[in-house]
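Chain and residue survey
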Amino acid sequence: MSINSLFRFMQGVLTSLWFLLGGGPRVARIEGKKFLIRREHFQVRHALKNGWEELFLSLQMLADSETLFFDIGANVGIASVLLAPTARQVFAFEPTPEAFADLASNIRLNACSNVTPIPVALSRSAGIQSMRNSPCWGHNSIINNRDSSLGKPVISVPVMTLD
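Everything in this summary refers to the structure shown in the same document. (Residues numbered from 1 in each chain as written. Predicted model: local features only at pLDDT ≥ 70, side-chain atom pairs only at ≥ 80, totals over all residues. Heavy atoms only, no water.)

Taken together, Leu68, Phe70, Ile72 and Leu162 make up a surface patch of nonpolar side chains, about 370 Å² in accessible area. Relative to the assigned elements, Ile72 resides in strand S3 (residues 68-72). (Patch = residues over 30% accessible without salt bridge, like charges linked within 9 Å, V, L, I, M, F, W, Y side chains within 5 Å. Areas by Shrake-Rupley, 256 points an atom, 1.4 Å probe, with all protein chains shown as cover. Salt bridge = Lys/Arg side-chain N within 4 Å of Asp/Glu carboxyl O. Helix = DSSP H or I, 4+ residues; strand = E, 2+ residues; numbered from the N terminus.)

Here's what the structure looks like:
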């Protein structure tokens, strides 16, 4: 295990302990960027513990100053914020209110002027649809009926198409 991997793992463990002991939201760093982190932020906590270097380094190597990056289901904006310095423009789509608020906070924390947060879901037809919604869970999705909610709350979200 490298020193960076060990450090990242320990940061993830300490963050988990912080929340187990009742700690509130805090700012954590991933790849030199700041992220607002709450207990509910599964994706950020997972990235802190396990790292996503390979995925993000691959994305960054594919992106350049002409890249338009569409982060569909942006959650709290890990990919959007990490790719902002490389891409020309990032469009971050996140329909769930809690995750969208934290996405906007993370964009501001990192002064990502080329990231546009958009509070909608994407689908093949525009309108309003039901969506499984557990704040910042990372597994929310549009559903056809409440039986698909996995016991999570269901909200109505605006939906648009990319064309």
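What follows deals with the packing of aromatic side chains. One pass over the full model with this rule turns up two aromatic pairs. On the numbers, 5.3 Å between centres and 25° between planes, the contact of Phe70 with Phe91 is stacked. Here Phe91 lies in strand S4 (residues 89-93) and Phe70 lies in strand S3, a separation of 21 residues in the sequence. Overall, Phe91 belongs to the partly exposed group, its relative accessible area being 22%. Centroid distance Phe70 to Phe93: 6.3 Å. Interplanar angle 10°. Geometry classified as stacked. Within this pair, whereas Phe70 is found in strand S3, its partner Phe93 is found in strand S4, the two being separated by 23 residues in sequence. When its relative accessible area of 37% is taken as the criterion, Phe70 is described as partly exposed. Ring pairs connect the aromatic residues Phe70, Phe91 and Phe93, which therefore count as one cluster. (Phe/Tyr/Trp six-rings, centres within 6.5 Å; stacked < 30°, edge-to-face > 60°. Buried < 20%, exposed > 50% of the residue type's maximum accessible area, 1.4 Å probe, protein only.)

All chains considered together, the criterion is met by one salt bridge. Measuring nitrogen to oxygen at the nearest pair gives 3.5 Å for the salt bridge that ties Glu66 to Arg88. One end of the pair, Glu66, is in the loop between helix H3 (53-62) and S3; the other, Arg88, is in the loop between helix H4 (78-83) and S4, with 22 residues separating them in the sequence.

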